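Each chain, letter by letter, is given below.
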Amino acid sequence: MAEVREIYKCEICGNIVEVLHGGAGQLVCCGQPMKAQTPQTADTSQEKHVPYVERQGNAYVVRVGENALHPMEDKHYIEWIELEVDGASCKKFLKPGDEPKAVFEVPEGKVVKAREYCNIHGLWVKE
């Protein structure tokens with residue numbers, strides 16, 4: 001059963017979908033079930049993936065990697081960064097060559113979460 005906000009990927013063509021309304025059916029692409037992307041939460045390699053969230057003035061700044069930024073090369077880059085504040089979400093799409101960072105001018109919240117998607121290493125979250 002697909003849950004709201006889950007991310008699924010087709011292992012054949014690479015299509016990625018985010019569930020907006022959960023249901024009992026199975027997500028299928030290219031004749032195969034799509035694979036749910038399990039959020040990862042801890043960096044274990046030299047490449048940094050966990051989103052780092054910081055409040056700066058009237059905005060939240062989300063960087064991928066706290067001390068070392070994630071590479072943004074043609075073959076390996078962050079596709080998007082999302083910030084959720086008290087249930088409302090904002091998303092920024094990135095491309096190779098961009099800085100792995102997003103600035104969201106939103107009111108300060110009590111519950112702040114961030115997630116990002118690496119084209120090679122998948123879904124990463126910071127809660």
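Within every chain, residues take consecutive numbers counted from 1 along the sequence as written. Thresholds applied to this predicted model are a pLDDT of at least 70 for local features of residues and 80 or more for the giving and counting of side-chain atom pairs; totals over whole chains, interfaces and linings are not thresholded and use all residues. Derived side-chain values reflect all non-hydrogen atoms in the structure, with water molecules and hydrogen atoms excluded from consideration.

Aromatic rings in a pair are described by how distant their centres are and how their planes are angled relative to each other. Classification of ring pairs uses Phe, Tyr and Trp, with its six-membered ring standing for Trp, and accepts pairs whose centres are within 6.5 Å; under 30 degrees between planes counts as stacked, over 60 as edge-to-face, and the remaining range as tilted. Under the criterion given, the structure shown has 1 aromatic pair. A centroid spacing of 6.1 Å and a plane angle of 15° characterise the contact between W80 and Y117, whose relative ring orientation is stacked. Of this pair, W80 sits in strand β8 (residues 78–85) while Y117 sits in strand β11 (residues 112–118), and the two are 37 residues apart along the sequence. Residues W80 and Y117 agree in their burial class; the two are buried. Geometry around Y60 places R55 over its ring, the cationic atom sitting 4.5 Å from the centre. For a Lys NZ or an Arg CZ to count as sitting over a ring, it must be within 6 Å of the ring centre and within 35 degrees of the ring normal. Across the ring face of W80, the terminal group of K91 is positioned such that the distance to the ring centre comes to 4.4 Å. Helix numbering and strand numbering both begin at the N terminus, where a helix is a DSSP run of H or I of at least 4 residues and a strand a DSSP run of E of at least 2. Only protein chains enter the calculation, and the probe is 1.4 Å; a residue is then buried if its accessible area is under 20% of its type maximum, exposed if over 50%, and partly exposed in between.

A few words now on the UniProt feature "domain: Desulfoferrodoxin N-terminal" (unreviewed entry) in the protein. UniProt positions are given in the numbering used here, feature names are shortened, and annotations may be inferred rather than shown by experiment. When the UniProt feature table is mapped to this numbering, "domain: Desulfoferrodoxin N-terminal" (unreviewed entry) covers residues 2–35. End C-alpha atoms of residues 2–35 are separated by 11 Å, and the span's content is 0% helix alongside 32% strand.

Looking at the secondary structure, you find E116 in strand β11. In this tally, Asp and Glu contribute negative charge and Lys and Arg positive charge; neither His nor the terminal groups of the chain are included. By salt bridge we mean one thing: a side-chain nitrogen of Lys or Arg within 4 Å of a carboxyl oxygen of Asp or Glu. Within the buried set, E116 has no salt-bridge partner at all; the shortest N-O distance to an opposite charge, 9.8 Å, is to R115. Here the side chain of E116 touches C118 through a polar contact of 3.2 Å, landing on its backbone nitrogen. Each polar contact in these results corresponds to two N or O atoms within 3.5 Å; when the atoms are within protein, one needs to be able to donate a hydrogen and the other to accept it, and residues that are neighboring in sequence are counted only if both atoms are side-chain atoms.

Burial within strand β7 (residues 59–64) is extensive, with 6 of its 6 residues counted as buried. Two strands are said to pair when DSSP picks up at least two bridges between them. The pairing of strand β6 (residues 51–56) with β7 spans 6 bridges and is antiparallel. The residue of β7 that forms the bridge with Y52 is R63. Remark: 2 residues form the turn of the hairpin made by β6 and β7, two consecutive strands paired antiparallel; G57 in that turn has positive phi of roughly 60°.

Pairing is antiparallel across the open sheet formed by 4 strands, whose spatial order is β9-β8-β11-β12. The open sheet is flanked by β9 (88–93) and β12 (122–126), the only strands paired with a single partner. Neighbour-to-neighbour, the strand axes of the sheet open up by a mean angle of 15°, direction not taken into account. Relative to β9, β8 runs antiparallel, the two sharing 6 bridges. Paired with I81 across the bridge in β9 is K92. Note on geometry: axes are C-alpha line fits, over the in-contact stretch for helices, and angles between N-to-C directions span 0 to 180 degrees.

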